[in-house]
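Breakdown of the fold
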Amino acid sequence: MSTFFKLEVKDTDLLSCIQSFLQSLLSSGKMDALLVPGHLPMNNNVMPTLISDPEHLNHADPLAPSFPVNAAKIASRLTRQPSGQTIGLVLRPCEIRAFVELIKLKQGTLDDIVLISLDCLGAYTNKDYAAFSKDDPIGATKAFVEHVLDQKQSEKDLMAPACRVCEYPVSGQADIRIGLYGMEWKNQIAVETGTTKGEDVLEALSLEKITEPSARKQVVEKLISERISLRDKMFEETSQATSSIEKLSSYLSRCVNCYNCRVACPVCYCRECVFVTDVFDHDPYQYLKWARHKGEIKMPTDTIFFHLTRMAHIGLTCVGCGQCSNACPNDIPLMELFRTTAHNVQKAFEYEPGRQVEEPIPLSVFEVEEYEDVVGIARHSG
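Residues numbered from 1 in each chain as written. Predicted model: local features only at pLDDT ≥ 70, side-chain atom pairs only at ≥ 80, totals over all residues. Heavy atoms only, no water.

In this section: helix α1 (residues 14-27). Here α1 spans 20 Å end to end across 14 residues, near enough to the 20 Å set by a 1.5 Å rise per residue. Most of α1 is tucked away: 10 of the 14 residues are buried. Burial in α1 covers these residues: Leu 14, Leu 15, Cys 17, Ile 18, Gln 19, Phe 21, Leu 22, Gln 23, Leu 25 and Leu 26. In the segment just after α1, Gly 29 is the residue with positive phi, at about 85 degrees. (Helix = DSSP H or I, 4+ residues; strand = E, 2+ residues; numbered from the N terminus. Expected span 1.5 Å × (residues − 1). Buried < 20%, exposed > 50% of the residue type's maximum accessible area, 1.4 Å probe, protein only.)

Shown next as structure tokens:
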């Protein structure tokens, strides 16, 4: 059962409250470093930063609506080999879910790791965040927090499409959860234990225990319901827009084979991708042969095959973070396509990526009897 503690917010400065809490985690000696989104000193962009000095947490900003990279890959790098030190990973729910999938794929471990997550308020695209925050990044964060938590309407809601349809605003796997939704956030917020590991850390801070905030569950459930409705509408529209090879070709027609989506995807973990080998480096005569056969061919080739391969590769592990769309230079709505495909695959296997570390990815294990209606194997009596 979860235990809740109170964090006081002074002068309605929620960001300072979060920074102070993170500083107390480092100062407690329970962890040696924190991976947390922070403003870079050179240009104030928000990027994952590994901090060992509590004073440097004055630059931390996990509330910023900036999501330039899914830090699950960074968490993988930090945990692939034993470090002998305890690291706190401050991650969004989708980052934790992706990290869980990478752990299953032997790309990381939870040893000496404390997973910390805030209720996710969402994020803007890279372009929109740059414009939104260019004059005053900290002021932009505070305006964004007020906009979301006080449910204010703006003339233009910049929220990234992936965040609009994300039904996981609260992490179910974090050791420590910082609750924002359903709170009197200008006065206090709640920090919740998710595991015994998290409880051990929080007990050392001598925080005041409180009961579970009464409005929190209702607010979160309402938010999830609204997002699922938008998500299902997106699924329907995307399915119609890509329901044939001709429609899919049109949908992906602006693709230039930059492979940014592959690089940005947190669960695309292969050290060497077949599409960056010479397998698809065709000889000149082959291009000319195809052109003569059809009269004309789109260059570069293999675009559709690349995306179909990606869809097959990550169908079970896609967490819908939207980094594929964020990384696309031509603004192709890739998140919508991959999430729609992944939803159908995951539904077929009754699998939810990032749900539990102990739950194996279906195609990574062998069962003697499964999906007999699909593979056509009939049972025979002895």
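Structure shown, so let's carry the discussion forward.
Two elements in contact, helix α4 (residues 126-133) and helix α5 (residues 137-149), have axes separated by 8 Å at closest approach and are oriented at 110 degrees. By the criterion of interaxial angle, the relationship of α4 to α5 is roughly perpendicular. Counting all contacts with α4, which are made through Tyr 129, Phe 132 and Ser 133, the residues of α5 involved are Pro 137, Ala 140 and Phe 144. (Axes fitted to C-alpha atoms, helices over the stretch in contact; angles between N-to-C directions. Parallel < 35°, antiparallel > 145°, perpendicular 65-115°, else oblique. Contact = heavy atoms within 4.5 Å.)

Ranked by internal contacts, the top residues of the largest apolar core, which has 96 residues, are Leu 14, Phe 21 and Ile 189. Here the element with the most residues in this core is α1; it accounts for eight residues. Excluding its chain neighbours within four sequence positions, the residues that come into contact with Phe 21 are Leu 7, Ile 176, Ile 178, Val 191, Leu 202, Leu 205 and Leu 207. (Core = buried A, V, L, I, M, F, W, Y, C linked by side-chain atoms within 4.5 Å.)

It is worth spelling out the pattern of salt bridges at this point. As enumerated under the stated definition, the model contains 16 salt bridges in all. A salt bridge links Asp 232 to Arg 231; the nearest nitrogen and oxygen atoms lie 2.8 Å apart. Judged by relative accessible area, which is 35%, Asp 232 ranks as partly exposed. Glu 359 is the salt-bridge partner of Arg 355, the closest N and O atoms lying 2.7 Å from each other. Take Glu 359: its relative accessible area is 17%, and that puts it in the buried class. Salt bridges sharing common partners tie together Glu 167, Arg 231, Asp 232 and Arg 339. (Salt bridge = Lys/Arg side-chain N within 4 Å of Asp/Glu carboxyl O.)

On to the packing of helix α2 (residues 72-79) against helix α3 (residues 93-104). Two elements in contact, α2 and α3, have axes separated by 8 Å at closest approach and are oriented at 45 degrees. It follows that α2 is oblique to α3 by the angle criterion. The chirality of how α2 crosses α3 is right-handed. Contacts from Ala 72, Lys 73, Ala 75, Ser 76 and Thr 79 in α2 reach Glu 95, Ala 98, Phe 99 and Leu 102 in α3. Tallied by class, residues from the contact of α2 with α3 come to five nonpolar, two polar and two charged. (Left-handed = near helix turned anticlockwise from the far one by under 90°. Nonpolar A, V, L, I, M, F, W, Y, C, P; charged D, E, K, R; others polar.)

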